[in-house]
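So the chains spell out like this:
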Amino acid sequence: MATTNTSTMPEYEAEESPAPLTTLALGAQSAALVVAPIALFPIVLFQAVEGSESELAWAVFAMLAVNGVTTVLQALRFGTLGAGLLVINYPSPTAIPFCIIALEEGGAGTLAALIVASGIFQIAVSMKLSLLRRLFTPAFSGAILILLVITFVPVVFGGLNDVPDGAPAAAGPVCILVTFVLTLGLLMRGSGAWRVWSSLIGIAVGSLVGVAFGIFDFGPVKDAPIAGLPIDGWPGLGLEFGSAFWSLLPAFLFLALIALMQGTSIAMSIQRVSWRRPRAIDYRRVQGISAFTGAGNLLAGVAAVMPITISPRGTVFAQQTRCASRDVGIVTGALLIAAAFFPQTWSLLIGIPAPVSAVFILVMVSPLMVEGMKLIVQDAPDFRMGLAIGAAMLIGIGLQTGLWDLPIGDVWEAVFQKAFTAGGAALIVLTFFAELGGRRTLRLRTELGAQSLDETKSFLGRFSAQQGWSAQMTERLEAAAEETVLLLSESGQVANGRGARRLLVNARAHGSAAELEFVSASGDAENLEDRLALLTNPGPEEAEAQAGDIEGAIGRNASLRLLGHYAASVTHRQYYDIEIVNVRVAQPASR
């Protein structure tokens, strides 16, 4: 239930607005921290294929603009549509090997067509994310976050020793020490503006130390123009669907699915740190984040640059600054778009010494490890799912550390020798094996409403008899189902004029307990997890409202109290198309 969540107690929630100057300052810091990686990835790609200077300039411009537009979209909310959260997009480094092949074998038109296809695929999957509900659970997403952190480890520790030849021996260690002490010290002990600006202060002072040792690279900023629109580097709006497209399409769709997994995990983690009072995960926001990332890839395809994914920076930024306001996301995106037109603003950041950047990445990804653990603990996976998570992590670590070389070719090996992709793929397979196999599911299809209660009770009676359970267990199952059906019916028997809502009831035995899944068309009721959390632990406002309307509160909460009594746990997932309530019923204590 939602009561198992914890909160980082942000000073500003997602839908609250700080003062304009505070918002601008936070947005500027957020943008400054992601400009460098957004610019560097396309530089690496187009240098690898020996692209011209105009193509390179266009690639950086387009990446900044596309990620800026997508970050703004992520912060918007239209009713139930959109994310309305501080979510930051950036280029997908995993896609670089395949982008190189696409450019070499088919040219910019083939790469554009592949990225457009990936974007359409991501949008389509996000709209039907409920079909993957047994896969994209909080425990699954927590494991993906941990694998993502493990993947960053070689990047972090590799950069710690990356200093130019001939540099003083103390250059790297001193830069590391200064950046680490300042950043962590201000984050752990500072408050107010010191905490907000901790990352930039650490990077700035560490870079000044790098200037003193002569390891700061001023070359990029000297060569970059002050402002401009490098339209000469755009290959034009042309999609090519030749043999190279069809041979690479499966790989790009797989990469799109991996990005969707990463996005889903980050979408859950950002929700955990966006509210002062813990809330159940809103899967409509998860869908919105994934859909807007797909839309961003449509823009990236038109621009003929590399695909984008979701950065964990938004979650970490909200934790560090205690500000999860979506206004900061809008300012961040707007500044990224502006930076695209002023190359010297981002060229300076490319010259930051590698040890300083490595310390920043270390500080950035460290909290994600804990967030991943929290998601796993919150979901309380059973033995099968726990085994799947553990095995997938070990597989990812083993391949990441080179303990096992896969005979799959250099390009695919570059993808699967990463903990995130290898462990993620293993987790998908093992999750399907653990969750979708071995346990028989009984199903009932009926209409949602009080008139279907007798049919539902009869169905559960047969299910309990097949398991050989006692009469007390049968009564508990029927009572939990009755309250769940009544609560789902609160949002109305007619959904948007489409007639009576249909109800699907899935029943599975899990040891001596029962797992009931109630699936219906999406209604407009409040999340049951949040309602149960408020019922058991009301805040001051809720307690005052209930005290002023005791009779009404009793009537509204009767079914909730009974459901909380009969059920061991309740989870409520609300998607755009359907909503799903999972109720776990344990055996009654023997008398």
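Keep in mind the model is a prediction, meaning the values are calculated, not measured.

Caption draft 1: A look at the side chain of Ser-265. Mapped onto the elements of the fold, Ser-265 is located in helix 10 (residues 243-272). Assessed through its relative accessible area of 1%, Ser-265 is described here as buried. At 3.0 Å, the side chain of Ser-265 forms a polar contact with the backbone oxygen of Met-261.

Caption draft 2: Expanded view of the pattern of salt bridges. For the structure on display, the rule yields 12 salt bridges. When the shortest N-O distance is used, the salt bridge between Glu-515 and Arg-584 registers 3.2 Å. Of this pair, Glu-515 sits in strand 7 (residues 513-521) while Arg-584 is found in strand 9 (residues 578-585), placing the two residues 69 residues apart along the sequence. Residue classification places Arg-584 among the partly exposed residues on the basis of a relative accessible area of 28%. If you follow the salt bridges from partner to partner, you end up with Glu-15, Arg-77, Asp-282, Arg-284 and Arg-285 in one network.

Caption draft 3: Layout of the sheet that holds strand 7. Taken together, five strands build an open sheet; the order of strands is 5-6-7-9-8 and the sheet is antiparallel. If you trace the sheet from one side to the other, it starts and ends with strand 5 (441-447) and strand 8 (569-574), each paired once. Taking each pair of neighbouring strands and ignoring which way they run, the sheet shows an average axis angle of 15 degrees. The sheet contact formed by strand 6 (residues 502-510) and strand 7 spans eight bridges and is antiparallel. Residue pairing in the sheet places Ala-509 in a bridge with Ala-514 of strand 7. Sheet strands in contact with helix 19 (residues 453-467) are strand 5, strand 6 and strand 7, and its direction is about 170 degrees off that of strand 5.

Caption draft 4: Local environment of helix 15 (residues 354-379). In this model helix 15 runs 38 Å from its N-terminal to its C-terminal C-alpha over 26 residues, within 8% of the 38 Å that 1.5 Å per residue would give. A positive phi of about 50 degrees marks Ala-380, the residue just after helix 15.

Caption draft 5: Expanded view of the packing of helix 1 (residues 20-48) against helix 8 (residues 198-213). With their axes 10 Å apart at the nearest point, helix 1 and helix 8 run at an angle of 50 degrees to one another. If you check the angle between helix 1 and helix 8, you find them oblique. Between helix 1 and helix 8 the crossing geometry is left-handed. For the pair helix 1 and helix 8, contact is made by Gln-29, Ala-32 and Leu-33 and by Ser-198, Ser-199, Leu-200 and Ile-203, respectively. Among the residues making up the contact of helix 1 with helix 8, the classes are represented as four nonpolar, three polar and no charged.

Caption draft 6: Representation of the packing of aromatic side chains within the structure. Under the defined criterion, the tally for this structure stands at 10 aromatic pairs. Seen in terms of ring centroids, Phe-241 and Phe-245 are 5.0 Å apart; in terms of plane orientation they differ by 80 degrees. Their pairing is edge-to-face. Taking relative accessible area as the criterion, Phe-241 reaches 48% and is therefore assigned partly exposed. Taken together, a centroid distance of 5.5 Å and an interplanar angle of 85 degrees make the contact between Phe-463 and Trp-469 edge-to-face. By the burial criterion, Phe-463 is buried, and Trp-469 matches it. The ring of Trp-275 carries the charged tip of Arg-279 above its face, separated from the ring centre by 3.7 Å.

Caption draft 7: Representation of helix 12 (residues 313-321). By the criterion of burial, helix 12 is predominantly enclosed, with nine of the nine residues buried. Listed as buried for helix 12 are Arg-313, Gly-314, Thr-315, Val-316, Phe-317, Ala-318, Gln-319, Gln-320 and Thr-321. Arg-322 sits one or two residues past helix 12 and shows a positive phi near 60 degrees.

Basis of the calculations
Residues numbered from 1 in each chain as written. Predicted model: local features only at pLDDT ≥ 70, side-chain atom pairs only at ≥ 80, totals over all residues. Heavy atoms only, no water. Helix = DSSP H or I, 4+ residues; strand = E, 2+ residues; numbered from the N terminus. Buried < 20%, exposed > 50% of the residue type's maximum accessible area, 1.4 Å probe, protein only. Polar contact = N/O pair within 3.5 Å; in protein donor to acceptor, adjacent residues only side chain to side chain. Salt bridge = Lys/Arg side-chain N within 4 Å of Asp/Glu carboxyl O. Pairing = 2+ DSSP bridges. Axes fitted to C-alpha atoms, helices over the stretch in contact; angles between N-to-C directions. Contact = heavy atoms within 4.5 Å. Expected span 1.5 Å × (residues − 1). Parallel < 35°, antiparallel > 145°, perpendicular 65-115°, else oblique. Left-handed = near helix turned anticlockwise from the far one by under 90°. Nonpolar A, V, L, I, M, F, W, Y, C, P; charged D, E, K, R; others polar. Phe/Tyr/Trp six-rings, centres within 6.5 Å; stacked < 30°, edge-to-face > 60°. Lys NZ or Arg CZ within 6 Å of the ring centre and 35° of its normal.

Any link to function would need more than the numbers given here.
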